[in-house]
Amino acid sequence: MSPTQWDLPVELCCRPMAFVTLTGLDVVYNAVHRAVWDAFCANRRADRVPISFKVLPGDHEYPKCRPKRTSYEWYIPKGILKTGWMNKHLNLVPALVVVFYELDWDEPQWKEKQSECATRVEIVRQSLQGRNTKVAVVLIQKKTPLPPGEDVIASERAAALCNACELSGKSLFVLPHTDHLVGYIIRLENAFYEHAQTYYYTEIRRVKSHKEFLNKTTHQLLFVRHQFKIAFFSELKQDTQNALKNYRTAYNLVHELRAHETNILEIKTMAGFINYKICRLCFQHNTPLDAIAQFRKHIDLCKKKIGSAELSFEHAAWMSKQFQAFGDLFDEAIKLGLTAIQTQNPGFYYQQAAYYAQERKQLAKSLCNHEASVMYPNPDPLETQTGVLDFYGQRSWRQGILSFDLSDPEKEKVGVLAIQLKERNVAHSEIIITLLSNAVAQFKKYKCPRMKSHLMVQMGEEYYYAKDYTKALKLLDYVMCDYRSEGWWTLLTSILTTALKCSYLMAQLKDYITYSLELLGRASTLKDDQKSRIEKNLINVLMNESPDPEPDCDIFAGKTAQKLWADRISLAGSNIFTIGVQDFVPFVQCKAKFHAPSFHVDVPVEFDIYLKADCPHPIRFSKLCVSFNNQEYNQFCVIEEASKANEVLENPTQGKMCLVPGKTRKLLFKFVAKTEDVGKKIEITSVDLALGNETGRCVVLNWQGGGGDAASSQEALQAARSFKRRPKLPDNEVHWDSIIIQASTMIISRVPNISVHLQHEPPALTNEMYCLVVTVQSHEKTQIRDVKLTAGLKPGQDANLTQKTHVTLHGTELCDESYPALLTDIPVGDLHPGEQLEKMLYVRCGTVGSRMFLVYVSYLINTTAEEKEIVCKCHKDETVTIETVFPFDVAVKFVSTKFEHLERVYADIPFLLMTDLLSASPWALTVVSSELQLAPSMTTVDQLESQVDNVVLQTGESASECFCLRCPSLGNVEGGVATGHYIISWKRTSAMENIPVIRTVITLPHVIVENIPLHVNADLPSFGRVRESLPVKYHLQNKTDFVQDVEISVEPSDAFMFSGLKQIRLRILPGTEQEMLYNFYPLMAGYQQLPSLNINLLRFPNFTNQLLRRFIPTSIFVKPQGRLMDDTSIAAA
Amino acid sequence: MGKRTRYLTITAICIPVITKENYPLYIRSTPMENELRFQYMVHTSLDMVDEKISSMGKALVNQRELYLGLLYPTEDYKVFYTTISKVKFVMVVNPSNTALRDNEIHRMFWKLHNSYIDVMCNPFCNPRTISRPGTDNMVMSMMIQVC
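Residues numbered from 1 in each chain as written. Chains lettered and ligands numbered in written order. Predicted model: local features only at pLDDT ≥ 70, side-chain atom pairs only at ≥ 80, totals over all residues. Heavy atoms only, no water.

All right, on to the sheet that holds strand S43 (residues 1073-1082) of chain A then. Residue and element names in this part refer to chain A. The antiparallel open sheet is built from four strands, whose spatial order is S37-S39-S43-S41. In this open sheet, the two edge strands, each paired with only one partner strand, are strand S37 (1014-1019) and strand S41 (1056-1059). If you compare each strand with its neighbour and ignore which way they point, the axes differ by 25 degrees on average. In the sheet, strand S39 (residues 1030-1038) pairs with S43 via eight bridges, with the strands oriented antiparallel. Bridge pairing in S43 places Leu1036 opposite Gln1074. (Pairing = 2+ DSSP bridges. Helix = DSSP H or I, 4+ residues; strand = E, 2+ residues; numbered from the N terminus. Axes fitted to C-alpha atoms, helices over the stretch in contact; angles between N-to-C directions.)

Here you go:
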């Protein structure tokens, strides 16, 4: 028996196709025949009919047909299905034999050729005696045939030939050997296919016809056999629906058979075959759920049919094969387009197959553990005469025996022994690993990472059993991190235990140490005695001794390992192992914690390293060093404890570096930071803990950052979620969970001991040189050096402020745009203890609003930290927010000479400009002077002298000025005429002499200028006196270029009598002036209305008397008549 | 009495509680010698749980019914699952128990979930190991041994 006895036979797994043999073709020497044959068999695409062709000689002997049984009465079948049957119908017994014969219709020697052909057909018929196989003749012709009916000779001769060969007309074909060979061949094979179908149909009928002779008691096996045959013929006929139906019936019939230990293998074998066919057809029909359901049913029915206990591994092997075959079918269907899902994919079947293969191995191990002296039986009971079995699934030593009693127990015993001994040689691990790797590939495809990991663990373990430790270790190491990251410690421990065994057996030092470290750690669920053993071994390895062998190892491999370990004693190669702990969970935990998030540079930086061991016994480490991002500090943070290698476990409670399990050890470190590191972060980059001696073997555990390993983040999360109260511990001990890693700290500058005061008088006034007095006083105990002041606008404010703020130290000159907003590093020298200095700072703010000002004082001081002289740079800063306001408001208005408000001014006619300066400053202001700068379009009527020189304004007070101006005619100017600028020079009254005066320029508003046709002004005294003549002269000026007709009238008034022209009409030439003289004679005292002058311009009807009233006075004060006596009366008085 | 008999028909072989981060909070299985195998089985079943949760996406939050039913059929055992706030309860039951109905499994999860809530409501409980006698008894009552 071959080791592949469980493999399904090829003839079962292939797709059955109609079998057609071609005779009379000489494919070796005849080129035409060769071409014909090639056309039949080469490049058969899927759309061609499913036929398997075979070229055979004309006189080929086909399998003999057994004589037909007329009665089944005395017939007792010896088994279910003969091993040769499927092959016989697939490859030996054709459905159709085709006789090829070269013969043209116009063959001259027709008679001879015809009889030769008939003979050939006869020979074939002879050989097929008793079978229903069809025979067909194909004439290979050189000429292209004429259309049917036209060639009279052809039809005659065809009929004759059919007659001679005893063929029906449908079985005679013509193959013209012309250009379209493939086309003819396709037509031919379609015709062959029809014949073949008829053949298989008759075969099905033939098998069915046997049924009526069968009886249920003796012919149970035949029911199955016939049903199977019908199904198989249906498949050959390509009638898969009926095939499936019949296979299903056959499957049910198999399970109706009476099962016994002697025939159970045969039943299972057949059930497996039929199940395979059913599943295959279901997948083919695209009904995968039917296939799965059938398979589940099959497994449920068969899994308890173990059969002989002594050969139970055979059952496991068979089960494994069932799953594997289904997995293969499933996978094949997927390749043809079926979609599988996560929960239903071939992986599960391969996995199950692997599981049964493992079971097979276990069973084989316990059942086939014969002594080496047990010899394989001779003669071999597994040999048969023919080399093969007659029936599927029978025992070679009792073929065809249907009795359930064992006729020859001795023979049976020998047979079982032979099978068991054979099983011992099976490479089980190989089978298991293949199945597992199939499953892994599937689960990878269907997103099952954990299933994949699990299977890889199994593969690793199988490699371990197969003694391929390198591969085992590789696989186990690969999946470990998955279990570690999800915290499945039980599973991780189990994997680690296997990995430790592998590394022990290969004497792989580093792996051995790493796995030991983790198995001793808190992630391990091992019992304490196991941990003790591992710890002892680890110490042994570090002391350069061989560890004790791992339990349950293969004895032979263990011996090899001991030799390997002995070789390791020479300490060849590197013996310092640095192991990064971030990827696993070692038995020591480490946490680093700076005492504070920041340290002043003049105080030593302090931090603790907390260590905790989880191993069962106290352990002594040799060295601890801490590395920083600035490596210069590394030298200060090393603890080394000189100890001999053999002291690792001795004097356990003494020494800093000896860890007692479960107790947290705190180690304090201190160092002085460098002054260059002020403002920088100091970070612990790694912590290294060495175990063992550097001269022997040494393991360096390396924590990145401030500690923590693969499990600690998860633990921290859990600890954070827990509200559990921790039991009280003595004062000097801490709870491990409560320690929070703090791996970095900031170095900040020394605390300054100076005071900085600012003195000023807010608010600042726009554009003034605002004085800020900075007072710095040293409270340091020693002299401070290199005091520097940085002052000005605090950076980071609105960018516009930087443009409009200027700072200087010199208040005597006005600063301009070129001055900066911030003065940096102004050296101010040294300061003795208690000394103070004052610095004036002038700020000019161009815009109103609030600004933040910064005053920053830095200095150097010598100080000591931990008896080390260091120069510290200290600094102190002060900020102040200063509001800037306008010092005053200036209001400007235009009025007429009569002080009446003017919307617009009239060309050439004088008007008044009035300025009003209202102090808005909370501090007294001194107006040093003012100045009116007129625009070119304006002229002044009198002197432009400042009227407010050296006026002091308190808050809310105002200073006004008045200027008489005239604007010459300019024609019509859009938007008005510029007036000029008003410049005020001012300073704070409190400001010192040398502080410059600030000139504030105010642009005066534009004014609209209007031309008038006629200007009238009056010359009259400032007052009149009752009954005294009051001469009034009106000047009428023509402002136009035309001669103007003017109508003038004076209306009488009650208060006056007057002389002069009461009503007149006159003409005024362009640019000239007309004078009108009146003599008014006041009659009443008081403020009296003058007789009103009415002027009417004929050309300008818009020129109204209202307009006129603006220019000329309408009333006058009349004094009462003086008493001439007065002087005397006064004198008398 | 009637209640008791119903539980006798149900045999859960392994009942673990798994956290949001997929690490085991609590595992209890009946035949202790085979514990490793059940743990592997539970662990692998998380593949399907993850897939189901991710395919549900945000819908999970709104879903009141969190019972996912049979996760996948293995040859010997069946695995069920339910979740609230992504804490997972898995149950491995013996498939030989054909009488096992979906609503019964559901009820078991409901009871288990309630007892879990009771335990977690205790502010002094350490979620690392739910080892209060209350849960244990609860779980044990479901795990009446087959034999």
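Continuing now.
So, about the sheet that holds strand S33 (residues 958-966) of chain A. Residue and element names in this part refer to chain A. Ordered in space as S27-S29-S33-S31, the four strands form an open sheet in which the pairing is antiparallel. Both edges of this open sheet fall to strand S27 (888-895) and strand S31 (939-940), since each of them pairs with a single strand only. Examined bridge by bridge, S31 and S33 share two bridges and lie antiparallel to one another. Note on S33: the bridge partner recorded for Thr940 is Leu965.

Residues and elements named next belong to chain A. Burial of strand S40 (residues 1044-1050) is one-sided: the residues Gln1044, Val1046, Ile1048 and Val1050 facing one way are buried, the residues Asp1045, Glu1047 and Ser1049 facing the other way are not. Across five bridges, the pairing between S40 and strand S45 (residues 1093-1097) is antiparallel. In the strand pairing of S45, Glu1047 is matched with Asn1096. (Buried < 20%, exposed > 50% of the residue type's maximum accessible area, 1.4 Å probe, protein only.)

Moving on to the packing of aromatic side chains. The relation between two aromatic rings is expressed through the spacing of the ring centres and the mutual angle of the planes. Residue and element names in this part refer to chain A. This model, assessed by the stated rule, comprises 45 aromatic pairs over all chains. Aromatic rings pair up to connect Phe283, Phe295, Phe323, Phe326, Phe330, Tyr349, Tyr355 and Tyr356 into one cluster. Over the ring of Phe1023 we find Lys1119, and its NZ or CZ is 3.6 Å from the ring centre. (Phe/Tyr/Trp six-rings, centres within 6.5 Å; stacked < 30°, edge-to-face > 60°. Lys NZ or Arg CZ within 6 Å of the ring centre and 35° of its normal.)

This part is about the UniProt feature "domain: Trafficking protein particle complex subunit 11 C-terminal" (unreviewed entry) in chain A. Using the residue numbers shown here, the UniProt feature "domain: Trafficking protein particle complex subunit 11 C-terminal" (unreviewed entry) corresponds to residues 1037-1095 of chain A. Taken end to end, residues 1037-1095 of chain A has its terminal C-alpha atoms 12 Å apart, with 0% of it in helix and 61% in strand. (UniProt positions renumbered as here; feature names shortened; annotations may be inferred.)

All names here are of chain A. Using the criterion set out here, one finds 37 salt bridges over all chains in the structure. Glu550 is paired through a salt bridge with Arg533; the nearest N and O atoms lie 3.2 Å apart. Taken together, the residues Glu550 in the loop between helix H19 (528-542) and helix H20 (555-568) and Arg533 in helix H19 connect sequence positions 17 residues apart. With a relative accessible area of 5%, Glu550 lands in the buried category. (Salt bridge = Lys/Arg side-chain N within 4 Å of Asp/Glu carboxyl O.)

Residue and element names in this part refer to chain A. Of the consecutive residues Asn378 and Pro379, the connecting peptide bond is found in the cis state with omega at 0 degrees. Between Pro762 and the following residue, Pro763, the backbone shows a cis peptide bond with an omega angle of -5 degrees. Mapped onto the fold, Pro763 is located in the loop between strand S18 (754-760) and strand S19 (764-765). Unlike most non-glycine residues, Lys447 shows phi in positive territory, near 55 degrees. Residue class for Lys447 comes out exposed when judged on its relative accessible area of 54%. Positive phi, close to 65 degrees, is recorded for Lys467, a residue that is not glycine. Within the secondary structure, Lys467 sits in the loop between helix H15 (449-465) and helix H16 (469-485).

It is worth spelling out a positive patch on the surface at this point. A surface patch of positive charge is lined by A:Arg66, A:Arg69, A:Lys78 and A:Lys82. In this fold, A:Lys78 is placed in the loop between strand S2 (51-55) and helix H3 (85-92). (Patch = residues over 30% accessible without salt bridge, like charges linked within 9 Å, V, L, I, M, F, W, Y side chains within 5 Å. Areas by Shrake-Rupley, 256 points an atom, 1.4 Å probe, with all protein chains shown as cover. Lys, Arg positive; Asp, Glu negative; His and termini not counted. Charge placed at Lys NZ, Arg CZ, Asp CG, Glu CD.)

All names here are of chain B. For chain B, per-residue confidence averages 65 on the pLDDT scale, and 46% of positions sit at 70 or higher. Mean pLDDT values over the elements of chain B span from 38, in helix H1 (residues 2-9), up to 80, in helix H2 (residues 35-56). Contacts from residues 1-10, a stretch scored under 50 in pLDDT, to residues over four places away or in other chains number 14 contacts. Scored below 50 in pLDDT, residues 129-134 makes eight contacts in the model with residues more than four places away or belonging to other chains. (pLDDT = per-residue confidence, 0-100. Contact = heavy atoms within 4.5 Å.)

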